[in-house]
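Residue-level listing of the chains:
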Amino acid sequence: MNSSFLLVAVLLPFLAGIILFPLKLNTYKAVCVYTGAVTLSTSLLVWALILFGDRTAFPLFRFANGLLFTLNFDSLGRFFAGIIATLWPLTVLYAFDYMKKEPRQKTFFAFFTMAYGVTLGISMAGNLFSMYCFYELLTLTTAPLVIHHLDRRSVRATRTYFVFSLGGAAFGFASMIFLIANGVDGNFTFGGILTAYPYGKPVVTEIFYFLGFLGFGVKAAIFPLHHWLPKASVAPTPVTALLHAVAVVKSGVFAVMRLTYYSYGPELLRGTWVKPTVMIIAVFTLFYGAARAVKEPHWKRRLAYSTVANLSYILFGVTMMTSEGLSAGLLHMAFHAEIKILAFFCAGAVLQYTGREYVYELDGLGRRMKITFACFLIAALALVGIPPFSGFVSKWSLLSAAAQSGDLLAYIGAGVLLIAALLTAIYMFTSLRRAYFPDQNSDFASLESVREASPMMTVPMMILALGILLTGVFASPIAAAANAIAAGM
Amino acid sequence: MNILILSLVFLPMIGALPAYFSKNRLQKFCCFFFAAVSLGISAALLFSENMTVELPEICSLGLRFELDGFRKVYAVVISFAWLMTFLLSPEYFAHHGDPSRYYFFNLLTLGATLGVFLAADLSTAFIFFEIMSFTSFTWVIHEETDGAVRAANTYLAVAVIGGLVALMGLFLLHHELGTTEISGLYALAQKSPNKPTLFAAGCCILFGFGAKAGMFPLHIWLPKAHPVAPAPASALLSGVLTKSGIWGILAISANLFREDPAWGTLILALGTVTMVLGALLALFSVDLKRTLACSSMSQIGFILVGIGCLCLLGEENALAARGALLHMMNHSIFKTVLFACAGIVYMNAHTLDLNELRGFGRKKPLLRICFLSGALGIGGIPLFSGYVSKTLLHEGIVETAHAFGGAFLLHLVEWLFLISGGMTLAYMTKLFVALFVDRNPEKQAEGEEKPAYAKFPAILSILCPAVLIPVLGACPGFTMDRIADLGTDFFHPGELAHAVSYFSLENLKGALISLMIGAVLYFGLIRCLLMKEGRYLDRWNKKIDLEDILYRPLILRWLPGIFGAIASVFGENRVTGPFCRACFRFISSAGALFGENKATEPAAKAVFRTGTIATRGVGDLLDASVFALRKTAFRDSPPPSDEKLAEHYYFRIGDRIDRLAVKSGKERKGGHHYARLFVRVHTTLLNTFRAITGNLSFALLMLIAAIVLVFLYIFVVRN
């Protein structure tokens, strides 16, 4: 397929989202049908592009001073787009039921669809400048989704989201300027575009890489800059599930991958002070996130802290700066996406059907909402890394990548990862234990009215649960794809 | 043939689904059918060649299964034990509500357990081991009483921590040797230069599998989980699941650490402690199933002692290896009988307290014979199968002591072995006498009136394994030796120097010594000290519990105290929050450490109080200064002056509409005036807008700062 279809894939949902504002659709159903059709056709198009698309760049236009805006769908982009395009239709299906009782549905779906186009844009961007444009646009299109409820909490959360995201992007901007000034157009090439240290001094390059890591790391919720993510869990669940467990945060990780492996190049960074520094940040964050999740009584916020930890699992792989590390990170990126989205779906279904949002309110719900909690059980097992679910595969590859890198810090990181897995078991299983085996003196009368979520919600959940099992058992195609990317193919 | 091995593992797992969704008779049939098919397949495989099957790339590491003599025998034992418990289950669960969940997870566990035993490499074993741990968790929690929930939590915690540590070990091993395939470990380990790492890996794996086996000091879950689980499940937990832990320990001991004296000493020491401690706990217990559970722990210790000798003896380890294998198999059978008997007792009497159960089994000859067969077997009485394996283990220890020049410690182990054997006899006698000889002062007559205490399938479930015990034990040369011969592929023992004559005087002497020690213990200890006026007394101090003393405080109080302190140091974004909370955490964790006993409690409390007040004071002071700063120097800029006008304006419009509404008689109900509504909407909009613009400007400020930084660097460095 011609590369010009890339532009179609980006613009179709983006424009369709904008058109939804003035469009006169009288019923909620019409909005649903419209959104569903747009999302599904985009996903099909993206998958067609992944499988049959050309690997040529598609330059769009040039700004002054040679800033090139270009789309290029390489293997890494395809991997990320594949995750997005698979999970988006499922989330939209889930959102149809979830948003039934919420206000301002049309606005919600408009921005939601626009965000799809922008995320695809990030995955298809051919150089730093175009990725940066989409990256900023993603902040702008997703902020209205966070503020959706328009109450005090969501306004505050949005404010924090803005401050962190835009402030972080500023750092990323600095790094981008540095690269564009020293590499031709900043087009992504595996292994980096810098051939030698510019200005003769390594320290300049290192500082700018570090700035870029921090900047793009904001969306990946690395430690001191993670604060927006747990706060943003006030948004409606489809947003928390898809954007704040997959699309937005994985865009951050994706940008760090682009920065590390496709712009600065691991060769240049290996052996400098910046590599251990970023790895320490990642290792610390993964421990910190897990420890905070254990302490957090609010269910969705607990899952958000868990996301903080898991994003750093990926970054831990990425910052090893070896091809095994990148491959393991990619694997965890794919698997964590499906696991965490499922966990959020379950939390959302409980929130919508029972109004309970704290872990200590879950007593006995496992008996009433059987499918929901069975799915959450699978998500929990996979997140802890119990075979044969998918989380085990990615954790195993992370551990072996750490061992192969032969770095003392990576060994320590592997140890911390196992402790974090223990903490994961604690925070996931305590909520499950409450749901399935309530304390004897809990309030059973209020359980009578609880009923199972509708098929619109449970079907996406069951598909995801099955997906977790299948990708765990038959992980080799995905692992092969990740290995191919990490080998530079 | 390959498909047979795979179906052995996966067929029960698939069968779990129909078992869950069917009802009543169909459900029972389903379970029985799948267990029977497993037994059929494993029996058929007894006569097949050794082979390996590989499923590449499943779970990314690939699954590899192997069939050798030891695995064939154990597949039969597992399927047999499962079939027996399925015979008992329908009647046991008849009054327990819906048993679907139990059957579902039971079949899953059957597949997973077979998967562990048939695994050709440790990573495959680990995958099934983890599945098994989680599916068997539902057995422990099945009754859902408070005790069961607590025991199940302990079980889960041990399983999760053990699993993670084992994973660490596997990963070290995989990194060091490049494979976890069991048969290749020995050759690779010989070449490996990095022995300490291998030993560390071995210890991690030992931790994981030892936790499941009930090895000291990780045995804490065992005496709690077995009594609360339903009896058929306890039979499996004790008879089969603990053996999967033993299997893992064996896999590394007989391959990775073959002929490694340091490893052998470690296993021998842990095994001895487990053996003695378990027997001691069983001796003091007054609960039928708890006694049996502690007895399991003790017998696991016997097996571990055998494994320890196996490593210590090097080339001449044939006796110890055969003893360990046979004792594993025997113990599976004994515990199936004994727990099934306990299940039948519980089904009728609804209690496990020995005092309540006194005289329960009088006039129930079949139950008595079956229980007696299990008891004599586990006690190691000649002509019963336990005698054969214990004799082999004993000879193994004697040989080890001989090989090491009669070291004192090894003689001590030998004596502890004999004493534990005596204790086994003593507590089994205690159970037997309580159930079948004593008379119940209150309800003896009432108990004897009911002749039908179990239906035919349940009777079958105790009878079949009970018959096996004397059959296997009576002619060991014909049965047991052949089974032991099958173990060579897995255990890699040296040549057997001479055939063992089991009933020689030398060997009978060991059994006799144990018998005498048992008699002394029973009459000297149990009848004199642990009984009063015909009642069994619980004289074990409940406070001596490793879980309550060490593990729970460690995991629930000390570690969160320390980690919580670390996490809170980097906590929320308030200015004083991190500092205050850090102090709080530190003090509270210190308080938790010192505040629990009488000596240091007052001092700890005083320190805690003053610390709290001091940190609060500092915190409030800082908060106050921040507040003052925000109100003065860093004050928010005043709202735009036209806001009031605008409000006024909005209010006016709303007011007009309100008046119109009043005039036209369409006033809004409940005092909702349009004027108020308009003003509210307006202020919300205004605030939101201000918040967003304020932060946008902040972001732009950052952007400009960053750009300035960039250009400064470029200019400074370039010029």
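Note that this is a predicted model, so its numbers are computed, not measured. (Residues numbered from 1 in each chain as written. Chains lettered and ligands numbered in written order. Predicted model: local features only at pLDDT ≥ 70, side-chain atom pairs only at ≥ 80, totals over all residues.)

**Regarding the interface of chain B and chain A**
As a reminder, the rule being used: By the criterion used throughout, residues are in contact when their C-beta atoms, derived from the backbone, lie within 7 Å. Put simply, DSSP H or I for four residues or longer makes a helix, DSSP E for two residues or longer makes a strand, and each gets a number counted from the N terminus. Polarity classes work like this: nonpolar for Ala, Val, Leu, Ile, Met, Phe, Trp, Tyr, Cys and Pro, charged for Asp, Glu, Lys and Arg, and polar for all others, with Gly in that last group.
In this assembly, 44 residues from chain B lie in contact with 44 residues from chain A. Elements that contribute at least two residues to the side of chain B that touches chain A include exactly helix 5 (122–140), helix 6 (146–177), helix 23 (546–569) and helix 27 (674–718) of chain B. No other element matches helix 27 of chain B, which puts 17 residues into the side of chain B that touches chain A. Its residues assigned to classes, the side of chain B that touches chain A comprises 31 nonpolar, eight polar and five charged.

**What to know about the nonpolar core**
Generally speaking, soluble globular proteins have nonpolar side chains that are buried together. We apply this condition: Think of a nonpolar core as buried Ala, Val, Leu, Ile, Met, Phe, Trp, Tyr and Cys residues, each tied to the set through C-beta atoms within 7 Å. Once C-beta atoms are placed from the backbone, each residue is buried if 20 or more other C-beta atoms lie within 10 Å of its own, exposed if 12 or fewer, and partly exposed for counts between those two.
Judged by nonpolar contacts, the single largest core of 416 residues is most densely connected at Ile341, Leu342, Cys346 and Ala379 of chain A together with Val140 and Cys341 of chain B. In terms of residue count, helix 13 (residues 318–349) of chain B provides more of this core than any other element does, 20 residues in total.

**Side note on the domain arrangement of chain B**
Let me state the cut-off plainly: In this document the domain limits rely on a domain assignment from an automatic tool or a database.
Along its sequence, chain B is carved into domain 1 (2–536), domain 2 (546–631) and domain 3 (643–718). Computed from C-alpha atoms alone, the centre-to-centre distance between domain 1 of chain B and domain 3 of chain B is 72 Å.

**Remarks on the packing of helix 3 (residues 75–98) of chain A against helix 4 (residues 105–124) of chain A**
To characterise two packed helices, one gives the angle between the axes of the helices and the distance between these axes. Residues and elements named next belong to chain A. Note the threshold: All axes here are fitted lines through C-alpha atoms, helices being fitted over the stretch that makes contact, and every angle between N-to-C directions spans 0 to 180 degrees. An angle below 35 degrees is treated as roughly parallel, one above 145 as roughly antiparallel, one from 65 to 115 as roughly perpendicular, and anything else as oblique. Crossing handedness: left-handed means the near helix sits turned counterclockwise from the far one by under a right angle, and right-handed means the same turn made clockwise.
For the pair helix 3 and helix 4, interaxial distance at closest approach is 8 Å and the crossing angle is 160 degrees. As judged from the angle between their axes, helix 3 and helix 4 are roughly antiparallel. Like other packed secondary-structure pairs, helix 3 and helix 4 cross with a definite hand, here left-handed. For the pair helix 3 and helix 4, contact is made by Gly77, Phe80, Ala81, Ile84 and Trp88 and by Tyr116, Thr119, Leu120, Ser123 and Met124, respectively. Counted by class, the contact of helix 3 with helix 4 contains seven nonpolar, three polar and no charged residues.

**Some points on the environment of Cys294 of chain B**
Residues and elements named next belong to chain B. You can see Cys294 is positioned in helix 12 (residues 288–313). According to the C-beta neighbour criterion, Cys294 is buried, with 27 such atoms within 10 Å. In this structure the C-alpha to C-alpha distance between Cys294 and Ile549, which are 255 residues apart in sequence, comes to 19 Å. If we ignore the near neighbours within four places in the chain, the residues touching Cys294 are Pro223, Gly278, Leu281, Ala282 and Ser285.

**Structural notes on helix 10 (residues 231–256) of chain B**
Residues and elements named next belong to chain B. Using the following cut-off: How far a helix is expected to stretch is found by multiplying one less than its residue total by 1.5 Å. What we call the bend at a residue is the angle made by axes fitted to the seven residues finishing there and the seven residues starting there.
For helix 10, which comprises 26 residues, the first-to-last C-alpha distance of 36 Å matches the rise-based estimate of 38 Å (1.5 Å per residue) to within 8%. At Leu237, helix 10 is deflected by roughly 35 degrees, the largest bend along its length. Where burial is concerned, most of helix 10 is hidden: 26 out of the 26 residues are buried.

**Some words on unusual backbone geometry**
Note on backbone geometry: most residues besides glycine have negative phi, and most peptide bonds are trans. The step from Pro387 of chain A to Pro388 of chain A runs through a cis peptide bond, and the omega angle for that step is 5 degrees. Residue position: Pro388 of chain A is located in the loop between helix 15 (370–384) and helix 16 (390–405). The omega torsion of the bond from Phe216 of chain B to Pro217 of chain B falls at 0 degrees, within 30 degrees of zero and hence cis. Along the polypeptide, Pro217 of chain B turns up in the loop between helix 8 (195–213) and helix 9 (222–228). For His350 of chain B, which is not glycine, the phi dihedral falls at a positive 55 degrees. Take His350 of chain B: it is sitting in the loop between helix 13 and helix 14 (354–357).

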